[in-house]
Amino acid sequence: MNGIYWLASYPKSGNTWLRIFMENLFRNTTEPASISDLTVVRYADTVHGLYEAAGGRSTSEFGDAEIHRLREPVQRFLASQAETSFVKTHNILARHLGLPLIYPQYTVGATYLVRNPFDMVVSYAHHYDMKLDDAIESICSPYNRVKTSRQSVFQILGTWSQHVQSWTSSAPFKPLVLRYEDLVQRPVRTFEKFVRALGLPRNPERLRRAVRHSGFATMAAQEREHGFQERARPDQVFFRSGSVGGWRDVLTEQQVGRIIDAHGDVLIAHRYMSRNGTLRV
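Thresholds applied
Residues numbered from 1 in each chain as written. Predicted model: local features only at pLDDT ≥ 70, side-chain atom pairs only at ≥ 80, totals over all residues. Heavy atoms only, no water. Helix = DSSP H or I, 4+ residues; strand = E, 2+ residues; numbered from the N terminus. Buried < 20%, exposed > 50% of the residue type's maximum accessible area, 1.4 Å probe, protein only. Core = buried A, V, L, I, M, F, W, Y, C linked by side-chain atoms within 4.5 Å. Contact = heavy atoms within 4.5 Å. Pairing = 2+ DSSP bridges. Axes fitted to C-alpha atoms, helices over the stretch in contact; angles between N-to-C directions. Arc of directions from axis to C-beta.

1. Topic: unusual backbone geometry
Even without being glycine, Lys-12 reaches a positive phi, approximately 65°. Tracing the chain through its elements places Lys-12 in the loop between β1 (4-9) and α1 (15-27). The buried category is assigned to Lys-12, whose relative accessible area is 14%. Positive phi, close to 65°, is recorded for Arg-271, a residue that is not glycine. Here Arg-271 shows up in the segment after α12 (253-269).

Here it is, written out as structure tokens:
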């Protein structure tokens, strides 16, 4: 179907991993696809060129309000392509300045990746070169956003809980929800859910090959050898850990408590915490 299929997540929740899996699945080659040559998911809703084409001039001449007004023609263009457009987004599914960030009329489907905020915030702090306390306050702030930069136009995030709930509880369409932890611990079974959601034919051998070719060790090795164009800065290691539970060696009891206080209900809803307060990650 023509339209946009969103690959949505809060930052540092596995979106890049999902896109690299798709590249390996669709190419189905004997060697892993290059992490710097992703052609299956060609678009993100932050690419300057899309807004420059829609607005007729450089985005350096736009303020954020004008960029935001161009989201509708940008998404209309993406939805008009001959095939489904797979598009990465970190935007919350909400309105900003009276207009949607994501236009349902151009949407044919979505997958939402959710990652426990304890591991996510450690990766988030590293990615954005922030102190851990500042990163934790960011994911607890309803005003959290990623500013317009040379790499991308601005993104509205909100709190981790707001973001997760916007896509999983109140979406006008029904996204497939995948947990990052399940991708790590049960990759074949979990990626298979994604393949079924896309309506692709069942092919276990091809699925296992794509999972193997997009494994964390393979992606990290490619980055060490060739770099990765999506790094936030030249000295960054993008594929840094990818583990589940590494936060236990990093976060203090007070930092963990701050996250629980801000996000307890959503932690319970997505099985990261029991109702008696026991953490499951």
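2. Overview of the nonpolar core
Formed by 52 residues in total, the largest nonpolar core has its most connected members in Phe-118, Trp-160, Trp-167 and Leu-251. Of all the elements in the fold, those that place two or more residues in this core are β1, α2 (48-55), α4 (71-79), β6 (107-114), α5 (117-127), α6 (132-139), α7 (160-168) and α12. Considering every element that reaches this core, the biggest residue donor is α5, with six residues. Core analysis: the second largest hydrophobic core is formed by 26 residues, Phe-21, Met-22, Leu-183 and Ala-210 among them.

3. Things to note about the environment of Met-22
Its place among the elements puts Met-22 in helix α1. It is 7.8 Å that separates the C-alpha atoms of Met-22 and Val-41, two residues lying 19 residues apart in sequence. Sequence-distant contacts of Met-22, defined by excluding residues within four places in its chain, comprise Leu-7, Val-40, Val-41, Phe-86, Phe-194 and Leu-198.

4. Some words on the sheet that holds β1
Taken in spatial order, the five strands of this open sheet run β2-β3-β1-β6-β9, and their pairing is parallel. Of all strands in the sheet, those with a lone pairing partner are β2 (43-44) and β9 (176-179), marking the two edges. Direction of pairing for β6 relative to β9: parallel, over a ladder of four bridges. The residue of β9 that forms the bridge with Val-114 is Arg-179. Here α4 sits on the sheet in contact with β1, β2 and β3 (85-89), set at roughly 120° to β1. Across the sheet, helix α9 (residues 187-197) touches β1, β6 and β9, and the angle it forms with β9 is around 165°.

5. Considering α6
Of the residues making up α6, those classed as buried are Ala-135, Ile-136, Ser-138 and Ile-139. Buried residues along α6 cover an arc of 155° about the axis, so they all sit on one side. Where α6 is buried, its residues contact α5, α7 and α12.

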